[in-house]
Amino acid sequence: MNEDLRNVVLGVLATGVSGVLGWLARTYLWRRRLRRKQAFFGLPAHSECLLVVNREAGSEGAVHRFDVSALLELAALVKECGAHAQIVQHDLAQVGFGDRTEFCVGGPGSNRRMSAHLASLLPGLSMSTALEPVEERGAIRIGENRYGMEPGISEYVLLARLTAGEGGRPVFLFCGQRAITNQAATRYLARHHERLARRHRGGSFVLLLRVVNSQAYGPDVVELVADVTRQARTPIAPDAHANAPTAEAT
């Protein structure tokens with residue numbers, strides 16, 4: 001009886017020790033992943049960040065429903081990092097960059113701050129804000145390449161992580177041809193931030209993404225077209241876009 005009791009006690013102790021060690025290991029791994037996530041987004045616990053919102057085309061201050069969804073997904077990322085977000089309209093965000101992480105949503109036609117970021121941080125890249133001709137609407141030019149859109153079929157969006165300013169906190173840009181592509185880019189970032197952090201080692205990058213058949217699949221089907229960091233950050237001659245070839249959708 002004493003032998004049986006001892007075996008039971010030893011079994012309970014072994015189970016308890018194994019459980020504690022397992023819990024400690026899971027906690028360690030969770031904390032390590034959290035620290036890496038916080039480092040990638042520049043969001044240590046209790047820090048502040050900016051969510052810069054655009055406006056819906058032709059409206060007075062309204063935000064498109066897809067952009068609202070993009071902001072909600074970004075807010076969830078911020079909360080997971082233990083940080084706090086401040087939502088600011090694009091024309092009221094009159095602050096520099098580097099001191100706080102910034103998430104800027106919307107193309108230059110609806111987001112004045114995005115227009116400033118493209119001009120100062122990505123001189124080799126531009127997006128058309130003209131309504132006419134229709135085929136030029138929202139066209140993205142990167143270096144010598146032009147990327148037009150087929151609404152609902154094939155659309156492009158830029159996803160960028162850029163570090164500038166003295167504070168070193170990153171600026172994330174979600175610059176799409178339509179509002180649904182902005183949400184597609186935020187969703188892509190949420191799903192692939194670990195892989196992006198490993199590939200780019202926490203540095204700057206500019207990715208061109210293609211949203212496939214959004215009229216059927218919404219913002220969920222996204223393809224990586226190219227890493228255009230070098231082209232986007234290299235100034236080009238003013239007349240270089242005149243003969244820019246149109247990129248073929250794949």
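Higher on the page you've got the structure.
Note that this is a predicted model, so its numbers are computed, not measured.

Draft legend 1. How the structure looks around the overall build of the protein. Secondary structure summary: the protein contains six helices and ten strands in total. Across the protein, the fraction of contacts at a sequence separation of at least 24, relative to all contacts at a separation of at least 6, is 67%. With an accessible surface of roughly 13400 Å², the protein has 54% of that area assigned to carbon and sulfur atoms.

Draft legend 2. Main features of the sheet that holds strand E4 (residues 125-127). Taken in spatial order, the three strands line up as E4-E5-E6 in an open sheet, and their pairing is antiparallel. Because the sheet does not close on itself, it has two edges, and the strands there are E4 and strand E6 (145-147). Averaged over all pairs of adjacent strands, the angle between their axes in this sheet comes to 15°, without regard to strand direction. Of the pairings in the sheet, the one linking strand E5 (residues 140-142) to E6 comprises three bridges and is antiparallel in character. Looking at E6, one finds that Ile140 is bridged to Tyr147.

Draft legend 3. Region of interest: helix H4 (residues 179-200). For H4, built from 22 residues, the straight-helix expectation of 32 Å at 1.5 Å per residue is missed by more than 12%, its first-to-last C-alpha distance being only 27 Å. Along H4, the sharpest change in direction is near 70° and occurs at His192. After H4 finishes, the residue Arg201 shows a positive phi value of roughly 55°.

Draft legend 4. Region of interest: the nonpolar core. With 27 residues, the main nonpolar core has Phe41, Leu43, Phe103, Leu159, Phe174, Leu189 and Leu196 as its most contacted residues. Sort the elements by how many residues they give to this core and H4 lands first, with five residues. In this structure Leu189 touches Phe40, Phe41, Leu159, Phe172, Phe174 and Leu196, once residues within four positions along its chain are discounted. Ranked by size, the runner-up nonpolar core spans 26 residues in total, among them Cys104, Leu125, Ala160 and Ala232.

Draft legend 5. Geometry of the pairing of strand E8 (residues 170-176). With seven of its seven residues buried, E8 lies for the most part within the structure. Of the two faces of E8, the one lined by Pro170, Phe172, Phe174 and Gly176 and the one lined by Val171, Leu173 and Cys175 are each fully buried. Pairing of strand E3 (residues 101-105) with E8 involves four bridges; the strand directions are parallel. From the neighbouring strand, Phe103 faces E8, where its bridge partner is Phe172. Pairing of strand E7 (residues 154-163) with E8, which is carried by seven bridges, proceeds in the antiparallel orientation. Within E8, the position partnered with Ala160 by the bridge is Leu173.

Draft legend 6. Representation of the sheet that holds E3 in the model. If you trace the seven strands from one edge of the open sheet to the other, you get E2-E1-E3-E8-E7-E9-E10, paired in mixed fashion. Looking along the sheet, the strands with just one partner apiece sit at the ends: strand E2 (84-89) and strand E10 (222-227). Shown here is a sheet whose adjacent strand axes are inclined to one another by a mean of 20°, direction ignored. Packed on one face of the sheet, H4 meets E3, E7, E8, strand E9 (205-212) and E10 and runs near 45° to E7.

Draft legend 7. Seen up close, unusual backbone geometry. Here His46, not a glycine, exhibits a phi torsion of approximately 70°, which is positive. Mapping His46 onto the fold places it in the loop between helix H1 (2-41) and strand E1 (48-53). The exposure class assigned to His46 is exposed, which follows from its relative accessible area of 64%. Phi at Asn213 is positive, roughly 50°, even though this residue is not glycine. Looking at where Asn213 falls in the secondary structure, it is placed in the loop between E9 and helix H5 (214-217).

Draft legend 8. Structural context of a positive patch on the surface. A grouping of Arg31, Arg32, Arg35, Arg36 and Arg198 is seen on the molecular surface, where their side chains present a positively charged patch. It is H1 that provides the largest number of residues to the positive patch, a total of four residues. Here Arg31 is to be found in helix H1.

Draft legend 9. Highlighting the side chain of Ser128. Mapping Ser128 onto the fold places it in the loop between E4 and E5. Residue class for Ser128 comes out buried when judged on its relative accessible area of 17%. Dropping the residues within four chain positions of it, Ser128 is found in contact with Glu136, Gly138, Ala139 and Arg141.

The rules behind these values
- Residues numbered from 1 in each chain as written.
- Predicted model: local features only at pLDDT ≥ 70, side-chain atom pairs only at ≥ 80, totals over all residues.
- Heavy atoms only, no water.
- Helix = DSSP H or I, 4+ residues; strand = E, 2+ residues; numbered from the N terminus.
- Contact = heavy atoms within 4.5 Å.
- Areas by Shrake-Rupley, 256 points an atom, 1.4 Å probe, with all protein chains shown as cover.
- Pairing = 2+ DSSP bridges.
- Axes fitted to C-alpha atoms, helices over the stretch in contact; angles between N-to-C directions.
- Expected span 1.5 Å × (residues − 1).
- Bend = angle between axes of the 7 residues up to and from the residue.
- Core = buried A, V, L, I, M, F, W, Y, C linked by side-chain atoms within 4.5 Å.
- Buried < 20%, exposed > 50% of the residue type's maximum accessible area, 1.4 Å probe, protein only.
- Patch = residues over 30% accessible without salt bridge, like charges linked within 9 Å, V, L, I, M, F, W, Y side chains within 5 Å.
- Salt bridge = Lys/Arg side-chain N within 4 Å of Asp/Glu carboxyl O.
- Lys, Arg positive; Asp, Glu negative; His and termini not counted.
- Charge placed at Lys NZ, Arg CZ, Asp CG, Glu CD.

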